[in-house]
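# Structural characterization, general
Spelled out from the first residue to the last, the chains are:
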Amino acid sequence: MGQFMTPAPLARFMASLLDCPQPAVSLLDAGAGVGSLLTAAVMGPCRRPHPPESITVTAYEIDATLIGSLREALRLCHAGCESACIRFSGEIRQKDFIEDAVRMRNGSLFEEAAPRAFTCAILNPPYRKIRADSPARRMLRQIGVETSNLYTAFMAAAVGLLEPSGELVAVTPRSFCNGPYFKGFRRFFLREMRLRRLHLFASREEAFREDQVLQETVVLHAVKTERKAERICVTSSDGPEDDFILSRDLPYEEVVRPEDAESFIRIAPDDLDRRIGLKMDRFPLSLGDLGLSVSTGRVVDFRSRAFLRRHPGPGTAPLIYPLHLRQGAVSWPDRGGRKPNAIAVAEETESLLSPKGHYVLVRRFSSKEEKRRIVAALYDPEALPDERVGFENHLNYFHRDGQGLDPALAKGLALFLSSTLVDAYFRQFNGHTQVNAADLRSLKYPTAEALRSLASRADGAWPAQAEIDRLIERELLPMKETEGDDPVAVRRRIEEALSVLASLGLPRAQLNERSALTLLALLDLPPDSPWQEAKSPLRGITPIMDYIARHYGKRYKPNTRETVRRQTVYPFLDAGLAVANPDDPGRPINSPKTVCRIESSALDALKTYGTEQWELRLAAYLASVETLRQRYARERKRARLPASLGGDVEVSLSPGGQNVLVKEIIERFAPCFTPGGRFLYVGDADNKFAYFDSEFLTALGVRLDEHGKMPDVIIYQADKNWLVLIEAVTSHGPVNPKRREDLQSLSGASTAGLVFVTAFLDRKAMTAYLSDIAWETEVWIADSPTHLIHFDGEKFLGPY
């Protein structure tokens, strides 16, 4: 049915965007699935200091296999609201949502009364194309909406059911932001709603990882109002559990341009993207102004199968597929491939062929592994024999009234489209793997004279990427950049750093922009310096983030430091790429004073990147990595903190940092408050796991996590069936409401009651975090070890 279930972290993130200030909240969830979204949306207001008086939920779901789970979700919502003194009612409507919504809008729904106006809607709509002659399309036209996919149809129908000032939060593919297929929907949506927040998940894989969805995904928050919006918050992260968030507050007109006839929604989450947009704005012409057109290749191979030939021969014309595009040119024929190389010239194929000439070709699709969205090449007729040519349907081709272009103009256009500048700009409004002809028409282009001049500067073989970008800057954008580093150089350097990390064999979790920028900061390598000038300064987390902001224009939220530490710096240390605290090997790894730098032999190898020596030096470095890890481990070995977990179980903790407090928890908290309890997990600043009874935790139904979500200590008290989750504040801060949810999510299917404890060394340490500590949790202070401080609730030291 086109439905992809909402992961819990994404559901919580989306629910957090809803304001719902009304005393009576009426919530719509269309395509509710098992109720993940509506549950998160209901439980959010329950935790507020001033919750609403009532919450009414209307959930649409037609998949009968999910109804039992959906009923259970509504039962849990009822219980949660009851405990917060909120009146709750919920209804499941096993009806076609679009049909029901149109009837409600038209005032013709007399049976089974349902709310005609909702204060808020939260949606993860189904994703499936709908045909132009389908009943859904005909019904949508009754309310003035024209769209080609269920996800935008659900959004449009939900908008129609919102009351004035009603809110919509939805997670969708980014594809509606551009392209001809969603133009009608964009016009409708932007007329009815005002965007407040756009959050882009930059990774195509993270938001719906379990379902292997490869779309770029966006979460939007919009309000139904006619008032002009002044500003919009645009944020970005790799996935819903990634705390490393880029954030910008932008004028509304930068995202939705009033003069844009296509109504594109441009998502530029950082200053680098903004400056790339400013550069592109300097090009004066549309494609039509140049007298050029771009079309989709006319040969659809499965429809022309009888005329396709594996090899060229008499009576055939070259047939060009995307696989023939290599290094800015057409490499034809491809004798070793599985695709045909030719098409028979016949009366039936005459309309599919183009006359001999110079054309610019652009792939219509890119794979998820490719760095570039736009892949362009020059079709040079001098290199191919025949008077006609066929372009397969997975290519776009630039032409003038169906004929070829003059050679210099064609080459200049191919170079322009191959630039990092154009590719980076294109990504701001194109959120999927497809490059439509309409998208290429929407770009601004240099003059014909400028394109010919560009071609004249690139004689001989197709230039390398860096040379193309330098030519674009010198020939087409001669004015000096006035603010910060060149955004094209920044983008190219980040791509180089990603390539380096992949060559070093870093895990996929570290092959992201955050890790690339961290590497560049540790190398003290700004965008315009060659790799040969890389250095190895000592840098802590905050200086790393300051360097990234200063040289690469990426300003992340301050609370992302822990993400950089745990998900980038620690893996660098594990890989032997970086060394921690070489100035003081005894300093605890999680000390605020911790610094690291690139390991010396890694630095020597990285300095050769981009030269002929790189492959050889890389291989030599990779061969030595394990030896280096062992050497640095010996240097860090020193006196450790012993602690007894009872019986014959002893652990050895690294010195300093949170482990001083962890030792106090083991030796003083546990005997007093969990006598006879069984230690299941003890964290360690250096090794992450000092003790880990994974089999017992799994048997209890606890979902294990190795990415920073585990508490510092877990104790199981069998006589009460309690899991006591203890957080030492120097690791993650206190058990605040978000941390409480994170720890709760670890419990998975466990039937054990959860007890949340925040531990501090002394009262002074506690006062800094007092306003953050979640209700229904406990606080233990090591210098008063026989006392607990209880935060609200009817129980003391017990699960809720």
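Residues numbered from 1 in each chain as written. Predicted model: local features only at pLDDT ≥ 70, side-chain atom pairs only at ≥ 80, totals over all residues. Heavy atoms only, no water.

## Quick word on the overall build of the protein
Looking only at helices and strands, the protein features 25 helices and 31 strands. Within the protein, buried positions represent 56% of all 800 residues. Partitioning the intrachain contacts of the protein with sequence separation of at least 6 by distance along the chain shows that 69% fall at a separation of at least 24. Within the structure as shown, the protein displays about 34,400 Å² of accessible surface, and the carbon and sulfur contribution to it stands at 51%. (Helix = DSSP H or I, 4+ residues; strand = E, 2+ residues; numbered from the N terminus. Buried < 20%, exposed > 50% of the residue type's maximum accessible area, 1.4 Å probe, protein only. Contact = heavy atoms within 4.5 Å. Areas by Shrake-Rupley, 256 points an atom, 1.4 Å probe, with all protein chains shown as cover.)

## Quick look at the nonpolar core
Counting residues in hydrophobic clusters, the biggest one holds 89 residues, and the most contacted among them are Phe398, Phe416, Leu417, Tyr445, Leu519 and Leu577. Top contributing element to this core by residue count: helix H10 (residues 407–417), with seven residues. In terms of nonpolar packing, the next biggest core, distinct from the first, is built from 53 residues, Phe97, Leu140, Val256 and Ile267 among them. (Core = buried A, V, L, I, M, F, W, Y, C linked by side-chain atoms within 4.5 Å.)

## Focus on the packing of helix H16 (residues 513–522) against helix H17 (residues 541–552)
Contact geometry of H16 with H17 gives a least axis separation of 9 Å together with a crossing angle of 95°. Considering their axes alone, H16 and H17 lie roughly perpendicular with respect to each other. Contacts between H16 and H17 pair Leu517, Thr518, Leu520, Ala521 and Leu522 from the former with Ile544, Tyr547, Ile548 and Tyr552 from the latter. Split by residue class, the contact of H16 with H17 holds eight nonpolar, one polar and no charged. (Axes fitted to C-alpha atoms, helices over the stretch in contact; angles between N-to-C directions. Parallel < 35°, antiparallel > 145°, perpendicular 65-115°, else oblique. Nonpolar A, V, L, I, M, F, W, Y, C, P; charged D, E, K, R; others polar.)

## Side note on helix H15 (residues 487–503)
Taking 1.5 Å of rise per residue, the 17 residues of H15 would be expected to cover 24 Å, and the 25 Å separating its terminal C-alpha atoms lies within 8% of that figure. Just beyond H15, the residue with positive phi is glycine 505, at close to 80°. (Expected span 1.5 Å × (residues − 1).)

## Points about the sheet that holds strand E3 (residues 87–93)
Strands pair in a sheet through their backbones, by hydrogen bonds, and they do so in one of two ways: parallel or antiparallel. Taken together, the nine strands give an open sheet; going across it, the order is E3-E2-E1-E4-E5-E7-E6-E8-E9, and neighbouring strands pair in mixed fashion. Both edges of this open sheet fall to E3 and strand E9 (246–251), since each of them pairs with a single strand only. In this sheet, neighbouring strand axes are inclined to one another by 15° on average, regardless of whether the strands run parallel or antiparallel. Where strand E6 (residues 193–201) meets strand E7 (residues 217–224), eight bridges bridge the pair, whose relative direction is antiparallel. By the bridge assignment, leucine 200 is partnered in E7 with valine 218. This element, helix H6 (residues 150–161), spans strand E1 (24–30), strand E4 (118–123), strand E5 (162–173), E6 and E7 of the sheet and lies at about 165° to E5. (Pairing = 2+ DSSP bridges.)

## Some words on the environment of valine 294
Looking at where valine 294 falls in the secondary structure, it is placed in strand E10 (residues 293–296). Sequence separation between valine 294 and alanine 438 is 144 residues, and the spatial gap between their C-alpha atoms is 8.2 Å. Residues in contact with valine 294, not counting those within four places in the same chain, are Leu287, Asn396, Tyr397, Phe398, His399, Ala437, Leu440 and Arg441.

## A word on unusual backbone geometry
In the segment running from tryptophan 332 into proline 333, the intervening peptide bond is cis, with an omega of -5°. Structurally, proline 333 can be placed in the loop between strand E14 (329–330) and strand E15 (342–344). Of note in this structure, serine 263 is not a glycine but carries a positive phi near 55°. Given the relative accessible area of 13%, serine 263 is considered buried.

## Let's talk about the side chain of serine 515
Inspection of the secondary structure assignment puts serine 515 in helix H16. From its side chain, serine 515 meets the backbone oxygen of glutamine 510 in a polar contact 3.0 Å long. Setting aside its immediate chain neighbours within four residues, serine 515 contacts Leu501, Gln510, Gln567, Thr568 and Phe572. (Polar contact = N/O pair within 3.5 Å; in protein donor to acceptor, adjacent residues only side chain to side chain.)

## Structural notes on the confidence of the model for the protein
On average, the protein scores 85 in pLDDT, and the residues at 70 or more come to 89%. Low pLDDT, under 50, characterises residues 109–114; the stretch is placed with 13 contacts to residues that sit more than four places away or in other chains. (pLDDT = per-residue confidence, 0-100.)

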